[in-house]
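Here's the letter readout for the chains.
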Amino acid sequence: MSHRRKKVTPASGATRTTVTVCRGCCCGTSAKVARLDHEAQLTDLRTMLTGVAMVRRTDCLDACERANVVVIQPSAEGREAGGRPVWLGQVNDRSAAADITAWIKNGGPGLADPPDILSLYTFTPSRRVRHELED
């Protein structure tokens, strides 16, 4: 009996960093964060990360008290190097999005250290919430 494992090819886009942007009941609403153009923020991230990362929108990441929430999931290479998803809350200004973009362009989780300023946004969600995103 062979103990060799069959090599699994990642799903399309899984080799790149994935940026998940919450745009549910609280995140992405002017009722919660009035001073931000939420659609422009999402468009800016998509434009700045074209060809570098997959940017996706989701309805709710269940961390409403930290609106706007963005999760950076490492590329396949970053995960192999030990990178894990990084949760960022209160991403409510253009400079935060620019810092996120610069980090991802440098490699993102596992491959590059995030700018120090992003430590102000980093938080750890509940295990249930983390598990739901990874499914």
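Placed above this text is the structure.
Rules of the game
Residues take numbers from 1 onward in each chain, read along the sequence in its written order. Local features in a predicted model are, by the rule used here, given only for residues with pLDDT of at least 70; side-chain atom pairs are given and counted only at 80 or more, and totals for whole chains, interfaces and linings are based on all residues. Side-chain descriptors were evaluated using all non-hydrogen atoms of the structure, hydrogens and water having been removed beforehand. Strands are runs of DSSP state E lasting at least 2 residues, helices are runs of H or I lasting at least 4, and numbering of each runs from the N terminus. Residue burial is assigned from relative accessible area. The probe radius is 1.4 Å, only protein chains are included, and a residue is buried under 20% of its type maximum, exposed over 50%, and partly exposed in between. N or O atoms within 3.5 Å of each other form a polar contact, as long as, within protein, one can give a hydrogen and the other can take it, and as long as residues adjacent in sequence are counted only when both atoms are side-chain atoms. The arc in question is traced by the directions running from the helix axis to the C-beta atoms. The contact criterion used is simple: two residues touch if any of their non-hydrogen atoms lie within 4.5 Å. What is meant by a nonpolar core is a set of buried Ala, Val, Leu, Ile, Met, Phe, Trp, Tyr and Cys residues, joined one to another through side-chain atoms within 4.5 Å. A right-handed crossover is one whose linking path, passing over the helix from the first strand to the second, runs clockwise when the strands point away from the viewer. For two strands to be treated as a pair, DSSP must find no fewer than two bridges joining them. A pairing counts as a salt bridge when a side-chain nitrogen of Lys or Arg comes within 4 Å of a carboxyl oxygen of Asp or Glu.

Visitor: Account for the side chain of serine 75, naming residues and giving values.
Guide: Assignment of secondary structure puts serine 75 in the loop between strand E3 (70-73) and helix H2 (76-80). The exposure class assigned to serine 75 is buried, which follows from its relative accessible area of 6%. From its side chain, serine 75 meets the backbone nitrogen of glycine 78 in a polar contact 3.0 Å long.

Visitor: Before we move on, can you summarise helix H1 (residues 38-48) with the specific residues and values?
Guide: Where H1 is concerned, the buried positions are His38, Gln41, Leu42 and Leu45. Projected onto a plane normal to the axis of H1, the buried residues spread over an arc of 95° and lie on a single side. Packing partners of the buried residues in H1 comprise strand E1 (17-22), strand E2 (53-58) and helix H3 (94-105). A distance of 3.4 Å separates the backbone nitrogen of glutamate 39 from a side-chain oxygen at the start of H1, and that oxygen is part of aspartate 37.

Visitor: Lay out the nonpolar core in plain terms, naming residues and giving numbers.
Guide: Looking at soluble globular proteins, one finds that nonpolar side chains tend to be buried together. Ranked by size, the top nonpolar core spans 20 residues in total, and within it Val19 and Ile72 carry the most contacts. It is H3 that provides the largest number of residues to this core, a total of five residues. Beyond its immediate chain neighbours, meaning those up to four positions away, valine 19 contacts Leu49, Ala53, Met54, Val55, Arg56, Val70, Val71, Ile72 and Ile104. Residues Cys22, Cys26, Leu36 and Cys64 belong to the second largest nonpolar core, which totals 13 residues.

Visitor: Account for the pairing of E1, with residues named and values stated.
Guide: With six of six residues buried, E1 lies mostly within the body of the structure. Of the two faces of E1, both are covered, the one formed by Thr17, Val19 and Val21 as well as the one formed by Thr18, Thr20 and Cys22. Handedness of the β-α-β unit built from E1, H1 and E2 comes out right-handed. Bridge count for E1 against E3 is four bridges, and the pairing is antiparallel. By the bridge assignment for E3, threonine 18 is matched with glutamine 73.

Visitor: Now, about the pattern of salt bridges: what can you tell me, with residues and values included?
Guide: According to the stated counting rule, one finds two salt bridges in the structure shown. Across the salt bridge formed by aspartate 44 and arginine 94, the nearest N and O atoms sit 2.7 Å from each other. Note that aspartate 44 is positioned in helix H1 and arginine 94 in helix H3, a separation of 50 residues in sequence.

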